[in-house]
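Listed here are the chains, written in short residue letters.
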Amino acid sequence: MRLALVAALSTLGIAAGIYSLAVARDDPAFWFAGASARGAVALLGAGWLLIGCGLAFWARRRAGGFGPLLAAAGFAWLLLEWNNPGIGSPLAFTAGLCLYASCPPLVAHAVFAHRARAAIVVGYVANVLLLGVLPALFFDGPSQGCAQCPANLVLVADRGDVVNRLYRIGVDLGFLWSATLAVLAFVTLVRGTGAARRAAWPLLVPGGVYLALVAAWLADSRARGFLGHDTLDRRLWLAQAVALAGVALGAGWGALRAHRARTAVARLVVELAHSPPPGGLRTVLAQIVGDPDLVLAYPLEGAGRLVDAQGRPVELSAGTTQTVLVRDGSPVAVLAHARGLLDDEQLVDDVTTASRLALENERLQAEVRARLEQLRSSRARIVAAGDAERRRLERDLHDGAQQRLVALSLSLRLLRSRLATDADGVRRLDAAAAELDRATAELRELAHGIFPAVLADGGLAVAVRALAEDGPVPIRIGRLPDARFPSAVETAAYTVIAEAATTATSSVGVDAECRGTVLHVEVETDDTSLDLGALQDRLGALEGRLGVERGAGGRVTIRAEVPCGS
Amino acid sequence: VRVVVADDETLLREGLARLLADAGIDVVGKAGDADELLRRVELTRPDVAIVDIRMPPTQTDEGLVAAHEIRRSHPAVGVLVLSHYLESHYAMRLLEEHPERSGYLLKDRVKDVAVLVDALNRIAEGECVLDPTIVSRLVGRPREPSALDELTERELEVLALMAEGHSNEGICKKLFLSPKTVETHVRHILLKLGIGAAADYHRRVLAVLAYLRA
């Protein structure tokens, strides 16, 4: 149905063009195009380009009202030539009389789409009503100095004064809105940023130029009170034709780019069918949309926050446009990109459809990662809380109980010197003091076992050397990093070594090195009864890994890797 | 010997001061934290400052830091750090930088007034003192076969006393040996362990400790 209409309109457009050209050549003096080849090219070039381009857009159901508006502008461009006494046909003359000035608001409407609505409404009022339809109702050619004019089919009353007044207002208002929009077009271009400007210029530049030329034409007509075609007007008309051709070509260029994007989408479908893209969907979408800084975020179900593909929280910056990709009524992903890049709803649909599976896949992965991260950090917090508690206990024992015991044994000592004469009392006191000594020593060992203070004070290397001083078996120490790491990292590495040293029966070899951002700890031991589960928990909480390798002669090598963030 | 006693635990500080006074030591000042200790030292210029390793505000190693400060700004004032820590790391932090007139004893020693007085006297005379328990841990620690295995029982005894900071005369008195015998033992030990004959007493202590800690 629509295609039939488009076909009919195309034929009509070709016919209207040829007809316009034919009448213009018939009596060159009165027309813009005249008899020159240049005029013919300008008339048909601009008109047909606009009609063709507009109908093509319409036929492909692209970008809302843009296609019909562009096609209408093309017809209106041709109609300008019909407002002419020499045209002969009353029907064509009346159409020209009513609509000869309606091309500029149609073009402005197409170029600015949903923006600057007020100015466009004023444009329609000025150019269609005040300069066209309304004065036409009161224009009677023969009685108003145009003996040659064909009959006006919409004539209501012969009122030359009303016609002149309407024309004057129309010209003034027409100048105002067209000049305003021309300025707005250039301001938009100058202010726009990178990607937004790249998306907008093909239409805004020729559109702005065209409206500026229209404003100039209207300004030139103000003294006269109506739109005419003197030499300057004809030159402006030629320039307008060029600008309008630019508008049509700009629209075509935009369509070509959209087509390229769709081709990229098609390629995306093929690629995604094989394997997930390296660098994730974001890279692919950034390429398609044409914004290298594009952010792809997934809404986390039930959490009300956005995460990236790695499950990390994402904050969308305020300066970007956010396009929500929706599937089955619920948002699947959010794209944050430069303004004006994803106005093509068809493209958004295409992208959503093409990347549906991959999007869903990546979103689920992101969600799993986010949950895992939550779990990991909660585990890390539990381990850290445990360590802090042990450290506190160790301090309490040292600073509290042990300190008291030492003070007590000191008091006993003082008491003993006062009891020099009581042999039995001295003996008992010595026995008590000896008991106290044992208690103090035991307490010291206990506190030491709870948490090695030397680890917090001196770091991993110092703590391991201290461990070698009192471990049950010899510890061969290879490399040890002198650098300090976050206490959770040091504690994890130390625990692996201390655990191996505690359970070993002959000897233990220790080698630790920080390579890049990972602390590698290698412990060679002879025992397999190690509680690897507890160690794995501790390392897992820090996103570390534990590997066990059984070698010849019953030797076991434990390899721990802990990200150390430096 | 004139001493200043610094410990944030009142009971311990007072008790220790009393015990030392009873043993004929001249306690010229008492302090509850590091700042007060430094002021007391500045005012009274004692022979030795007795410092608890853990003191306010963080209760970690303020005493050690204060000891360094005293040794740096008052070279004539010795320091004796009392500590709960068995690890040689803390002792070495003190002795490696200021081997002369420095001592490190475990806190339990406070009731053993004879050991305390002996340590104070040695420090006042310029020696360095390391707690016997820490040294015996170092000597007796599990280790792979080494040159230490070739030392005789007697030589091990002498080695431990060297590590505790005793001079040759001190070792003579402790083991009831003649100076000549002790010198022979010391020479043998240094030879067997491959430690160059360090003429300097303090350097010898540090070299022995470094060997034991390695």
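The structure under discussion appears in the preceding block.
Residues numbered from 1 in each chain as written. Chains lettered and ligands numbered in written order. Predicted model: local features only at pLDDT ≥ 70, side-chain atom pairs only at ≥ 80, totals over all residues. Heavy atoms only, no water.

(A) Representation of the packing of helix H8 (residues 168-175) of chain B against helix H9 (residues 179-193) of chain B. Residue and element names in this part refer to chain B. As a packed pair, H8 and H9 sit with axes 9 Å apart at the nearest point and diverge in direction by 115°. Compared by their axis directions, H8 and H9 come out roughly perpendicular. Where H8 crosses over H9, the two elements pack in a sense that is right-handed. Residue-level inspection shows Asn168, Ile171 and Cys172 of H8 in contact with H9, the latter providing Pro179, Val182, Glu183 and Val186. Each residue belonging to the contact of H8 with H9 can be placed in one class, and the counts come to five nonpolar, one polar and one charged. (Axes fitted to C-alpha atoms, helices over the stretch in contact; angles between N-to-C directions. Helix = DSSP H or I, 4+ residues; strand = E, 2+ residues; numbered from the N terminus. Parallel < 35°, antiparallel > 145°, perpendicular 65-115°, else oblique. Left-handed = near helix turned anticlockwise from the far one by under 90°. Contact = heavy atoms within 4.5 Å. Nonpolar A, V, L, I, M, F, W, Y, C, P; charged D, E, K, R; others polar.)

(B) Layout of the nonpolar core. In terms of nonpolar packing, the biggest core is built from 97 residues, with B:Leu37 and B:Tyr104 touching the most fellow members. Looking at this core element by element, the count peaks at nine residues for helix H16 (residues 487-503) of chain A. Judged by nonpolar contacts, the second largest core, of 77 residues, contains A:Trp31, A:Ala42, A:Trp177 and A:Ala248. (Core = buried A, V, L, I, M, F, W, Y, C linked by side-chain atoms within 4.5 Å. Buried < 20%, exposed > 50% of the residue type's maximum accessible area, 1.4 Å probe, protein only.)

(C) Summary view of a nonpolar patch on the surface. All names here are of chain A. On the surface, Phe186, Trp201, Val205, Val209, Trp253 and Leu256 cluster together into a nonpolar patch covering about 500 Å² of accessible area. Counting only elements with at least two residues in the nonpolar patch, the list comes to helix H8 (194-221) and helix H9 (231-274). With respect to the helices and strands, Val205 occurs in helix H8. (Patch = residues over 30% accessible without salt bridge, like charges linked within 9 Å, V, L, I, M, F, W, Y side chains within 5 Å. Areas by Shrake-Rupley, 256 points an atom, 1.4 Å probe, with all protein chains shown as cover. Salt bridge = Lys/Arg side-chain N within 4 Å of Asp/Glu carboxyl O.)

(D) Just the interface of chain B and chain A, in detail. Listed by partner, the interface residues are 35 residues for chain B and 35 residues for chain A. Both faces considered, chain B and chain A share a buried interface measuring about 3200 Å² in area, 53% of it formed by carbon and sulfur atoms. The largest per-residue losses of area from chain B upon contact with chain A belong to B:His84, B:Lys111 and B:Pro142, which jointly make up 20% of the total buried on that side. Summed over the shared surface of chain B and chain A, the number is seven salt bridges. Of the charged contacts, one joins A:Arg404 and B:Glu9 as a salt bridge, the two residues approaching to 3.3 Å between their closest N and O atoms. Applying the counting criterion to the chain B and chain A interface returns nine residue pairs in polar contact (both at pLDDT 80 or more). Listed by contribution, the elements that provide at least two residues to the side of chain B that touches chain A are helix H1 (10-22), helix H4 (88-95) and helix H6 (132-140) of chain B. A per-element tally of the side of chain B that touches chain A places H1(B) first, with seven residues. (Buried area = accessible area lost by both parts, 1.4 Å probe. Polar contact = N/O pair within 3.5 Å; in protein donor to acceptor, adjacent residues only side chain to side chain.)

(E) Highlighting helix H7 (residues 153-163) of chain B. Among all positions of H7(B), only B:Glu155, B:Val158, B:Leu159, B:Ala160, B:Leu161, B:Met162 and B:Ala163 are buried. Looking one or two residues past H7(B), B:Gly165 carries a phi angle of roughly 100°, positive in sign.

(F) Quick look at the sheet that holds strand E6 (residues 129-130) of chain B. Residues and elements named next belong to chain B. With respect to topology, six strands assemble into an open sheet ordered E2-E1-E3-E4-E5-E6, the strand pairing being parallel. Strand pairing shows two members of the sheet lacking a second neighbour, strand E2 (26-31) and E6, which therefore form its edges. Across four bridges, strand E1 (residues 2-6) lies against strand E3 (residues 48-52) in parallel orientation. By the bridge assignment, Val3 is partnered in E3 with Val48. Across the sheet, H4 touches strand E4 (78-83), strand E5 (102-106) and E6, and the angle it forms with E5 is around 165°. (Pairing = 2+ DSSP bridges.)

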